[in-house]
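If you want the building blocks of each chain, they are given just below.
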Amino acid sequence: MREAPTNPIVYRGVSISIKVDKAGDRVFGHADLFADNEFKARLSIGSARSRPKEVRDKLRCLAKSKVDVWAIAGSATVH
């Protein structure tokens, strides 16, 4: 079971935890989304051309967009 992060980005009531790792010339990262203390989704990206900060920024934008889609769609996962 995944646990909610201790220092997440909170956006529209959803906690977003981002982790980025570098392996050689490639950068990989994922964003875990939690709502109501439940794991809701994971978004992942990797790149051979981006720096860790760029990957982190892209993940933050993607995660916020996902939360926006949930809000627009009226999903029960976002309150």
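Only a predicted model underlies this, so the values are computations on that prediction, with no experimental measurement involved.

Within the element layout of this structure, Ser50 appears in the loop between strand 4 (38–47) and helix 1 (52–73). Within the structure, Ser50 has its side chain in polar contact with the side chain of Lys58 (distance 3.2 Å).

Here we come to the pairing of strand 4. Where strand 3 (residues 26–35) meets strand 4, nine bridges bridge the pair, whose relative direction is antiparallel. Residue pairing for strand 4: Ala35 is matched across the bridge by Glu38. Two successive antiparallel strands, strand 3 and strand 4, enclose a turn made up of two residues, where Asp36 displays a positive phi of approximately 55 degrees.

By the definition in use, this model includes one aromatic pair. Between Phe34 and Phe39 the ring centres are 5.7 Å apart and the planes differ by 70 degrees, which places this aromatic pair in the edge-to-face class. Assessed through its relative accessible area of 29%, Phe39 is described here as partly exposed.

Along the chain, the position of Leu59 falls in helix 1. Along the chain, Leu59 and Val20 lie 39 residues apart, while their C-alpha atoms are 9.3 Å from each other.

Quick look at the pairing of strand 3 now. Burial within strand 3 is extensive, with eight of its 10 residues counted as buried. Bridge count for strand 2 (residues 14–23) against strand 3 is nine bridges, and the pairing is antiparallel. For Ala23, the partnering residue across the bridge sits in strand 3 and is Arg26.

To continue, consider helix 1. The end-to-end C-alpha distance of helix 1, which contains 22 residues, comes to 31 Å, matching closely the 32 Å that a straight helix rising 1.5 Å per residue would cover. Within the span of helix 1, buried status applies to Val55, Leu59, Ala63, Val67 and Trp70. Viewed end-on, helix 1 has its buried residues packed into an arc of 110 degrees, placing them on one side of the element. Opposite the buried face of helix 1, by more than 90 degrees, sit the exposed residues Lys53, Val69 and Ile72. Against strand 1 (9–11), strand 2, strand 3 and strand 4 lie the buried residues of helix 1. Looking one or two residues past helix 1, Gly74 carries a phi angle of roughly 75 degrees, positive in sign.

Rules used throughout
- Residues numbered from 1 in each chain as written.
- Predicted model: local features only at pLDDT ≥ 70, side-chain atom pairs only at ≥ 80, totals over all residues.
- Heavy atoms only, no water.
- Helix = DSSP H or I, 4+ residues; strand = E, 2+ residues; numbered from the N terminus.
- Polar contact = N/O pair within 3.5 Å; in protein donor to acceptor, adjacent residues only side chain to side chain.
- Pairing = 2+ DSSP bridges.
- Phe/Tyr/Trp six-rings, centres within 6.5 Å; stacked < 30°, edge-to-face > 60°.
- Buried < 20%, exposed > 50% of the residue type's maximum accessible area, 1.4 Å probe, protein only.
- Expected span 1.5 Å × (residues − 1).
- Arc of directions from axis to C-beta.
- Contact = heavy atoms within 4.5 Å.

Without other data, these values stay purely geometric and don't point to any function.
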